[in-house]
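In case you want the letters, here they are:
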Amino acid sequence: MNHDDYPDAFLRDILMEVRTIAIVGASPRPARSSHGVMRFLQRHGYRAIPINPFAAGSEILGERVYSSLADIREPVDMVDVFRRSEAAGAVVDEAIAIGAKVVWMQLGVRDAAAALQAEAKGLRVVMGRCPAIEIPRLGLAER
């Protein structure tokens, strides 16, 4: 996969198929981009589960916060990564371990080795994009 240029159909298929998205690096602070993207995804019909070890046990936007992906006790379709690029590899390891189908690294987050590892395990990978930008750009309606 060329991670510099994704076909619209590839992104559309992912965003139409996934239902449950774990937001790794979700923030309880409304001014943070992870908070805004989580709210956007909820408003567009996705189940967004926040992951933040510093806020574990509390709630963000009405959803219980988990410390890690391994703590979630339901299937996760997509893992949305709001962490530095250096942390993406560890998140990909967790995403593979829980059986996620997609790893989506946010704007500014890229890890080619982690992407190759995920793809080798059958996951689809998006890097350097934001679903809150792609959903309206692709004309995807609320669910």
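Located above this text is the structure these notes cover.
Residues numbered from 1 in each chain as written. Predicted model: local features only at pLDDT ≥ 70, side-chain atom pairs only at ≥ 80, totals over all residues. Heavy atoms only, no water.

Undergrad: In this structure, what is going on with helix α4 (residues 112–120)? I would like to understand it.
TA: Helical periodicity: at 3.6 residues per turn, an α-helix aligns residues three or four positions apart in one direction. Every buried residue of α4 is listed here: Ala114, Ala115 and Ala118. Axial view of α4: buried residues confined to an arc of 100 degrees, hence all on one face. Away from its buried face by more than 90 degrees, α4 exposes Ala112, Ala113, Leu116 and Ala120. Between the side-chain oxygen of the N-cap and the backbone nitrogen of Ala113 there are 3.1 Å, and the N-cap of α4 in question is Asp111. Positioned one or two residues after α4, Gly122 has a phi angle of 95 degrees, which is positive. (Buried < 20%, exposed > 50% of the residue type's maximum accessible area, 1.4 Å probe, protein only. Helix = DSSP H or I, 4+ residues; strand = E, 2+ residues; numbered from the N terminus. Arc of directions from axis to C-beta. Polar contact = N/O pair within 3.5 Å; in protein donor to acceptor, adjacent residues only side chain to side chain.)

Undergrad: Explain helix α2 (residues 33–43) to me, please; I cannot follow it from the model alone.
TA: Inspection of α2 places Ser34, His35, Val37, Met38, Phe40 and Leu41 among the buried residues, and these make up the whole buried set. Buried positions along α2 lie against β1 (20–24), β2 (47–51), β3 (59–60), β4 (63–64), β5 (78–81) and α5 (131–137). Positive backbone phi, approximately 90 degrees, marks Gly45, located one or two places after α2. (Contact = heavy atoms within 4.5 Å.)

Undergrad: For this particular structure, what's the right way to read the nonpolar core?
TA: Nonpolar side chains in soluble globular proteins generally cluster together in the buried interior. Membership of the largest hydrophobic core comes to 52 residues, with the highest contact counts inside it found for Leu69, Val79 and Met105. Leu69 has contacts with Ala22, Val24, Ile51, Val79, Val91, Glu94, Ala95 and Ile98, leaving out every residue within four places of it along the chain. (Core = buried A, V, L, I, M, F, W, Y, C linked by side-chain atoms within 4.5 Å.)

Undergrad: Explain the pairing of β1 to me, please; I cannot follow it from the model alone.
TA: Where a strand is regular, its side chains alternate between the two sheet faces. Counting buried residues along β1, 5 of its 5 residues qualify, which places the element largely inside the surrounding structure. With 5 bridges joining them, β1 and β2 adopt parallel strand pairing. Across the sheet, Thr20 pairs through a bridge with Arg47, a residue of β2. In this view, the connection linking β1 to its parallel neighbour β2 by way of α2 has right-handed handedness. In this structure, β1 lies alongside β5, joined through 4 bridges in parallel fashion. Within the sheet, the bridge partner assigned to Ile23 lies in β5 and is Asp80. (Pairing = 2+ DSSP bridges. Right-handed = clockwise from strand over helix to strand, strands pointing away.)

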